[in-house]
Amino acid sequence: MADSDRLENSPIIANPQKQTKLLAALYLAQEEYGWLNPEAIEHVADRLGLSPGQVRSTASFYSMFNLEPQGEYRIQVCEGLSCYLAGGAETIIDYLAHLLNIQPGETTADGKFSLEVVQCIAACGSAPAMRVNDELYENLTLERIALIIRELEGGSP
Amino acid sequence: MPVLKNLTELKELREKARAQKADRENNKLTIILGMGTCGIAAGANEVAAAVREELDKRNIEAEIVNVGCIGMCHNEPLLDIQEPGGPRVTYTKVKPAMVGKIIEKHLVKGELSKRWIFGQLPGENGQTIEGLKTYDELPFYSKQIRIALRNCGIIDPESIEEYLASGGYGGLEKALFQMSPDEVIEEIKDSGLRGRGGAGFLTGLKWEFCRKAKDYPKYVICNADEGDPGAFMDRSVLEGDPHALLEGMIIAGYAIGAPEGYIYCRAEYPLAIVRLKKAIQQAYDLGFLGENILGSGYSFDLKIKEGAGAFVCGEETALIASIEGKRGEPRPRPPYPAASGLWGKPTNVNNVKSYAIASQIMVRGADWFSKIGTKKSPGTAVFALTGKIKNTGLVEVPMGISLREIIYDLGGGIINNKRFKAVQTGGPLGGCLPEDALDTAVDFDSLTAAGATMGSGGMIVVDQDTCMVEFARYFLTFASAESCGKCVPCRIGGQRLLEVLTRITRGEGSLEDLDEIERISKYMREGSLCALGQLTPGPVMASLRFFREEYEAHVTEKFCPAGVCAGMYAYEIDADPCTGCGLCAKACPTNAITGEKKEPHAIDQLQCIQCGACYEVCNFGAVLVKRKHELPVAEVNK
């Protein structure tokens, strides 16, 4: 019994009540560091009394956490049902991949754009849609996408 | 506002809130705006700005109230005008440029433009305006009974006073001051309420298991990780009436004997999270949460946990792992969460709607609830209607209603008067039903018996232009991408199924592939760890069962009857219905269509790229989808 008490109370073993804050901490770290680089992981681990391995294990499970550096503009194309029915997703992704010369999940060599495919971004009323950083673009056509990309290439955010 | 210390203070506050509301309705002009995610996406913020500008310009004094989604997503943005002592008159599809005219006509000239008015919601005392239809007389609402959605689109979700004025926290009041925890559980059991997340387990029984578990502390969790494509029922409750959920959770906490609760909400619902946080803060400020609630001696804390983009976290054991800060992977059950859940302690997990309904059952009684719906599935079902249907949106109907009534009476039928083909319920883990199943009653058991599932409430309608193989492939792409990878049947099986379906939609499939689908599906159903893997084959199996001839056409004739799968069909113009209007020739990007004016046109198969532009624009149904080999071979083989 004594041993199991030690197990329960040992600080070596993560405090479960602290670990429950891990997802929230990862969101903060991602905001702070831009992506979850080793330094960010280390920082979160330190703060919550977990091992970096534990933090990485959780972070790698969820699609909203980036374990790779992201481009200046994160393009997220919706492949939700409404966008699919509106004939979006696949055509748009193929077009963007062709335009930027990268595959979904990759970042352009100049670090400007990264391309992702995401699930419903709640713009079903005006599908097809995509999000660039925090900006939502709806009722997309290939012509509009070309314009948007050209604009982003030219200016700064 | 000070913390409410006892029942008397609560009653006083509610009276005050009611008096305030009555004062507004009787003496003030109110403009009500639909500010759910759907309304905002359709431009409600711009409409709101136009309203303010217009009122300022004309020096009209009015209160502007923001409400959640009333369900008519296809008609957003919505603007209601309620004159002192009158009903709420609803304007639909409002554009900022219309606001000036609406206000001038309605408020200055006193004219009601029927062209823009959808209907009226009677005022507090039933007052109406003659000549306008009330919501109850309109097809979209006449068959609805709104329990989970009772306040959505009616009250301001960011005002706890409005919730109180509508009788809110009355269920909690009754539970805390008139009933023992066991009596609360009996009441919920008597109501027959079944879990609205999809599995349909008896809610009262779940609460009882958790109450009887001999460990402490216990936890109450709300599963608000609504991730099905095409489903937004829970979002509407979270955005439109967050206190209804809070009240249900506090009641559950009291019944079970739990000191703490968590709402696990997907991060993709930012507006819902904002409104929930606000509601929780208000509940703490007034003493509906925290120490010694309303002086009853019962204490309860409630926190929000945001997900991070993992569909599988909608499974209760995965959800619990995620709250603990771990990878959101499911684990085998039993033990069920009621025995061993969050941190190994007894935990009750219910869906948003279950809690929202439970709080209303406490107010109106088990008897009232059990008389709605069917014997085995009492109450109502909330559906998000989407796809090729005229009235997309959110409806709440009594259980037992037929699919046909929902799709045709409420939903208004298929857009562009095309032919209904199938309806998918239960999202990517559900199944589809064909036209001859349209009279199936909507309840947990009938839908399962028919070959679909109730699910959480997504209802996707597709028409003749949807290829059922491709439709199943879409859901499979989703479900297999969301497999967490922990168990082999789900991880590998989903991928293999997807490969087979992809092959079929590319015209590379064989008849053996159809057996292969059934074989893999069987292994996934029997061998997967959680519902995600067990139900991933659902859409494929249902479409194979009801639309087998479509699968067979794909594999034996390399023909896609819906004209969707690339290279597996050709277009031809039927000379009979063709009027020679020339629309198709204009739409054709490759100039493949020729013909004299007012004479039947024809498609040159050598030029045609099967883009479907002619099919879309033809108003006479003259463009047909044909098997390639039905056309002269020389024309097709480019």
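My aim in this report is to walk through the structure given alongside it, one point at a time.

### Here's the deal with the overall build of chain A
Right, so step 1: Broken down by element type, chain A carries 8 helices and 4 strands.
Right, so step 2: If you list the helices and strands of chain A from N to C, you get α-α-α-α-α-β-α-α-β-β-β-α.
Right, so step 3: The buried share of chain A, taken over its 157 residues, is 45%.
Right, so step 4: Restricting the contact set of chain A to residue pairs at least 6 apart, pairs at least 24 apart contribute 59%.
Right, so step 5: Of the roughly 8700 Å² of accessible surface on chain A, a fraction of 50% belongs to carbon and sulfur atoms.

### Quick notes on the overall build of chain B
Right, so step 1: Counting its regular elements, chain B contains 26 helices and 18 strands.
Right, so step 2: Taken against the 2.2 N^0.38 rule, which gives 26 Å for 638 residues, the C-alpha radius of gyration of chain B at 27 Å falls within 12% of a compact globule.
Right, so step 3: Overall, chain B is about 90 × 65 × 40 Å in size when its C-alpha atoms are taken along their principal axes.
Right, so step 4: Classification of the 638 residues of chain B by burial places 60% in the buried group.
Right, so step 5: Summed over its atoms, the accessible surface of chain B is roughly 24700 Å², and 50% of this surface lies on carbon and sulfur atoms.
Right, so step 6: Distance between charge centroids for chain B: 1 Å, based on 74 positive and 83 negative side chains.

### Points about the sheet that holds strand β14 (residues 458-463) of chain B
Residues and elements named next belong to chain B.
Right, so step 1: The 5 strands lie next to each other as β11-β10-β14-β12-β13, forming an open sheet whose pairing is mixed. Of all the strands in the sheet, the pair left with one neighbour each is β11 (393-398) and β13 (431-434). Adjacent strand axes in the sheet meet at a mean angle of 30°, parallel and antiparallel pairs treated alike.
Right, so step 2: The pairing of strand β12 (residues 420-425) with β13 spans 4 bridges and is classified as antiparallel. Across the sheet, residue T425 finds its bridge partner in β13, namely G431.
Right, so step 3: Sheet contacts for helix α22 (residues 538-546): β12 and β13; angle to β13, the most-contacted strand, approximately 20°.

### Considerations on unusual backbone geometry
All names here are of chain B.
Right, so step 1: Cis geometry is adopted by the peptide bond preceding P217, which originates at Y216 and carries an omega value of -5°.
Right, so step 2: Mapped onto the fold, P217 is located in the loop between α9 (203-212) and β6 (219-224).
Right, so step 3: Following R333, the chain continues to P334 via a peptide bond in cis, the omega torsion being -5°.
Right, so step 4: Within the secondary structure layout, P334 lies in the loop between α13 (316-323) and β9 (347-351).
Right, so step 5: If you check the backbone angles, K93 has positive phi at about 45° while not being a glycine.
Right, so step 6: Residue placement: K93 occurs in the loop between β4 (88-91) and α4 (96-109).
Right, so step 7: Residue K93 is classed as partly exposed on the basis of its relative accessible area of 46%.
Right, so step 8: Within the chain, N591 stands out as a residue other than glycine whose phi angle is a positive 55°.
Right, so step 9: Summarising the element assignment, N591 is placed in the loop between α24 (583-587) and β16 (593-594).

### Looking at the side chain of D80 of chain B
Right, so step 1: Turning to its location among the elements, D80 of chain B is positioned in strand β3 (residues 79-82).
Right, so step 2: D80 of chain B has contacts with T30, I31, I32, R88, V89, T90, Y91 and Y135 of chain B, leaving out every residue within four places of it along the chain.

### Some remarks on a nonpolar patch on the surface
Right, so step 1: On the surface, F201, L202 and F209 of chain B cluster together to form a nonpolar patch covering roughly 270 Å² of accessible area.
Right, so step 2: Here F209 of chain B is to be found in helix α9.

### Concerning the packing of helix α18 (residues 468-482) of chain B against helix α19 (residues 488-505) of chain B
Residues and elements named next belong to chain B.
Right, so step 1: Here α18 crosses α19 at 150°, and the two axes come no closer than 9 Å. Taken together, α18 and α19 sit at an angle that is classed as roughly antiparallel. Here the hand of the crossing between α18 and α19 comes out left-handed. Contact residues: α18 offers V469, E470, A472, R473, L476, T477 and S480, while α19 offers G494, Q495, L497, L498, L501, T502, I504 and T505.

### Topic: the interface of chain A and chain B
Frequently, the measure chosen for interface size is the accessible area removed from exposure when the parts meet.
Right, so step 1: Taken residue by residue, the interface counts 26 residues in chain A and 38 residues in chain B.
Right, so step 2: Summed over both partners, the interface of chain A with chain B buries about 2600 Å², with 57% contributed by carbon and sulfur atoms.
Right, so step 3: Three residues, F61, L81 and Y84 of chain A, lead the burial of chain A against chain B; their summed loss comes to 26% of the area buried on that side.
Right, so step 4: The interface formed by chain A and chain B includes 1 salt bridge.
Right, so step 5: Notably, a salt bridge pairs E90 of chain A with R473 of chain B, separated by 3.4 Å at the nearest N-O pair.
Right, so step 6: Connecting chain A to chain B are 17 residue pairs in polar contact (both at pLDDT 80 or more).
Right, so step 7: Partitioning the side of chain A that touches chain B into residue classes produces 13 nonpolar, 9 polar and 4 charged.

### Things to note about the pattern of salt bridges
Residues and elements named next belong to chain B.
Right, so step 1: By the definition in use, this model includes 45 salt bridges over all chains.
Right, so step 2: Here K109 makes a salt bridge to E104, at a shortest N to O gap of 3.3 Å.
Right, so step 3: Using a relative accessible area of 51% as the deciding quantity, one classes K109 as exposed.
Right, so step 4: Linking E499 and R496 is a salt bridge whose minimum nitrogen-to-oxygen distance equals 2.8 Å.

### Overview of α4 of chain B
All names here are of chain B.
Right, so step 1: Between its first and last C-alpha atoms α4 spans 20 Å; for 14 residues at 1.5 Å apiece the expected length is 20 Å, and the two agree.
Right, so step 2: In this structure, the buried residues of α4 make contact with α3 (44-58), β3 and β4.
Right, so step 3: G110, located one to two residues past α4, shows a positive phi value of around 70°.

### Here's the deal with the sheet that holds strand β4 (residues 135-137) of chain A
All names here are of chain A.
Right, so step 1: Overall, mixed pairing links the 4 strands, which are arranged β2-β1-β3-β4 in an open sheet. The sheet is open, and its two edges are formed by β2 (113-118) and β4, each paired on a single side. Taking each pair of neighbouring strands and ignoring which way they run, the sheet shows an average axis angle of 20°.
Right, so step 2: In this sheet, β4 lies alongside strand β3 (residues 130-132) in antiparallel orientation, the contact comprising 3 bridges. Within β4, the position partnered with V132 by the bridge is E135.

### Some points on the environment of V89 of chain B
Residues and elements named next belong to chain B.
Right, so step 1: Along the polypeptide, V89 turns up in strand β4.
Right, so step 2: Judged by relative accessible area, which is 1%, V89 ranks as buried.
Right, so step 3: When the C-alpha positions of V89 and D463 are compared, they lie 34 Å apart, and in sequence the two are 374 residues distant.

### A closer look at the environment of D182 of chain B
Right, so step 1: With respect to the element layout, D182 of chain B can be found in helix α8 (residues 181-191).
Right, so step 2: Residues D182 of chain B and Y254 of chain B, spaced 72 residues apart in sequence, show a C-alpha to C-alpha distance of 9.6 Å.

### Some remarks on the packing of α9 of chain B against helix α11 (residues 242-256) of chain B
Residue and element names in this part refer to chain B.
Right, so step 1: Between α9 and α11, the least distance of the axes is 8 Å, while the angle of their chain directions is 45°. Considering their axes alone, α9 and α11 lie oblique with respect to each other. Of the residues in α11, those in contact with W207, C210 and R211 of α9 are G248, I251, A252, Y254, A255 and I256.

Calculation rules
- Residues numbered from 1 in each chain as written.
- Chains lettered and ligands numbered in written order.
- Predicted model: local features only at pLDDT ≥ 70, side-chain atom pairs only at ≥ 80, totals over all residues.
- Heavy atoms only, no water.
- Helix = DSSP H or I, 4+ residues; strand = E, 2+ residues; numbered from the N terminus.
- Buried < 20%, exposed > 50% of the residue type's maximum accessible area, 1.4 Å probe, protein only.
- Contact = heavy atoms within 4.5 Å.
- Areas by Shrake-Rupley, 256 points an atom, 1.4 Å probe, with all protein chains shown as cover.
- Rg over C-alpha atoms; globule rule 2.2 N^0.38 Å.
- Lys, Arg positive; Asp, Glu negative; His and termini not counted.
- Charge placed at Lys NZ, Arg CZ, Asp CG, Glu CD.
- Pairing = 2+ DSSP bridges.
- Axes fitted to C-alpha atoms, helices over the stretch in contact; angles between N-to-C directions.
- Patch = residues over 30% accessible without salt bridge, like charges linked within 9 Å, V, L, I, M, F, W, Y side chains within 5 Å.
- Salt bridge = Lys/Arg side-chain N within 4 Å of Asp/Glu carboxyl O.
- Parallel < 35°, antiparallel > 145°, perpendicular 65-115°, else oblique.
- Left-handed = near helix turned anticlockwise from the far one by under 90°.
- Buried area = accessible area lost by both parts, 1.4 Å probe.
- Polar contact = N/O pair within 3.5 Å; in protein donor to acceptor, adjacent residues only side chain to side chain.
- Nonpolar A, V, L, I, M, F, W, Y, C, P; charged D, E, K, R; others polar.
- Expected span 1.5 Å × (residues − 1).

Any functional reading would require information beyond the geometric quantities listed.
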